[in-house]
Amino acid sequence: MSDEFPLPEPSLQNIIDQKTLKWIFVGGKGGVGKTTTSCSLAVQLSLSGKKVLLISTDPAHNLSDAFGQKFGKDARQVEGFKNLSAMEIDPNGSLQEMIEQSENSGMQSMMQDVALSIPGVDEAMSFAEVMKQVKSTDFDTIVFDTAPTGHTLRFLSFPTVLEKALGKFSELSSRMGPMLNTVMGSLGGGSGGNTEDMFAKLNETRATISEVNAQFKNPDLTTFVCVCISEFLSLYETERMIQELTSFDIDTHCIVVNQLIFPKAGSDCSLCNARYKMQRKYFDQILELYEDFHIVQLPQLTSEVRGKDALLEFSKMLIEPYQPNN
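What counts and how
Residues numbered from 1 in each chain as written. Predicted model: local features only at pLDDT ≥ 70, side-chain atom pairs only at ≥ 80, totals over all residues. Heavy atoms only, no water. Pairing = 2+ DSSP bridges. Helix = DSSP H or I, 4+ residues; strand = E, 2+ residues; numbered from the N terminus. Contact = heavy atoms within 4.5 Å. Axes fitted to C-alpha atoms, helices over the stretch in contact; angles between N-to-C directions. Disulfide = S-S within 2.5 Å. Buried < 20%, exposed > 50% of the residue type's maximum accessible area, 1.4 Å probe, protein only.

Draft legend 1. Up close: the sheet that holds strand β4 (residues 84-88). Strands sit in the order β3-β4-β2-β5-β1-β6-β7-β8 across an open sheet of eight strands; the sheet is mixed. At either end of the open sheet lies a strand with only one pairing partner, and these are β3 (76-77) and β8 (294-299). The pairing of strand β2 (residues 52-56) with β4 spans five bridges and is classified as parallel. The residue bridging Ser56 from the neighbouring strand is Glu88, located in β4. Across the sheet, helix α10 (residues 232-247) touches β1 (23-28), β6 (222-229) and β7 (254-260), and the angle it forms with β6 is around 165 degrees. In the packing of helix α12 (residues 308-319) onto the sheet, contacts are made with β7 and β8, and the angle to β8 comes to roughly 145 degrees.

Draft legend 2. Layout of the state of the cysteines. Applying the stated criterion to the full structure yields one disulfide. Each sulfur of the disulfide joining Cys269 and Cys272 lies 2.5 Å from the other. What sets the handedness of the Cys269 and Cys272 disulfide is the S-S torsion sign, and at about 70 degrees it is right-handed. With a relative accessible area of 26%, Cys272 lands in the partly exposed category. Distance from the sulfur of Cys254, which forms no disulfide, to the nearest cysteine sulfur (Cys226) is 9.0 Å. What makes Cys254 buried here is its relative accessible area of 0%.

Right under this line is the structure:
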């Protein structure tokens, strides 16, 4: 590339500097260092003065291990960081709860039938509950530590799934709600209010998801950071994910390449040199495929990145390009 069009900086400083960002997703193939990257990015965002909430949507939660502190379904401040909180959520329960609430309104069977006709709606409803909870807080930026690629892409499709599901539920509301209120009220069951409350909750959820869906497609508000390692399968999954993100109209312009080996000059370690040669081949392909992306190189470390001090040190490499000491 010519000097007239220089390569983007190999750093995530651009994300720190983008003051309007509300939603940041971090994802990639399993085992590439998503949690370490998302924790480190959240740390740097909090150090810049933003009030940050880090959310794990991976069923195999690792935030508690990374920070050495137990997290749950409610936001809890991360020890040692003034502007950083974290939570771990599980995608289940919200839809079943709503169906159970409809039992006395005479609509349980219909609700169940509609729910079962839409794959993924149970997880999507839990997603909606989290979004409503997050919206009621005053965090500046939300960082998602997502599950491996396939789960992440399903997660990002939840707003569309919910629009479909809630559209059907609203249709039931307009057709059946008034009749059920009249019938249940005439029977003296006092259940009409339950039906109205249930559909009011559905309409509130629908409004929240419509708003979030629009924000996810706004590059001023949302971006996705891809994490990979310099190997064929990881590169393949990164390409698939970027294509899917493009189809969802979700911005992505940063790639973190983790676990790179940099043998010292003249090293006689045959394994190190062989892996370095293999990694450079795929790294060169990444540079060629994504020449307009910010591509961050992170080294293979000799110890785990766990605890406040280790995360602080590691997080600096997301901002200041790593320089191999050969």
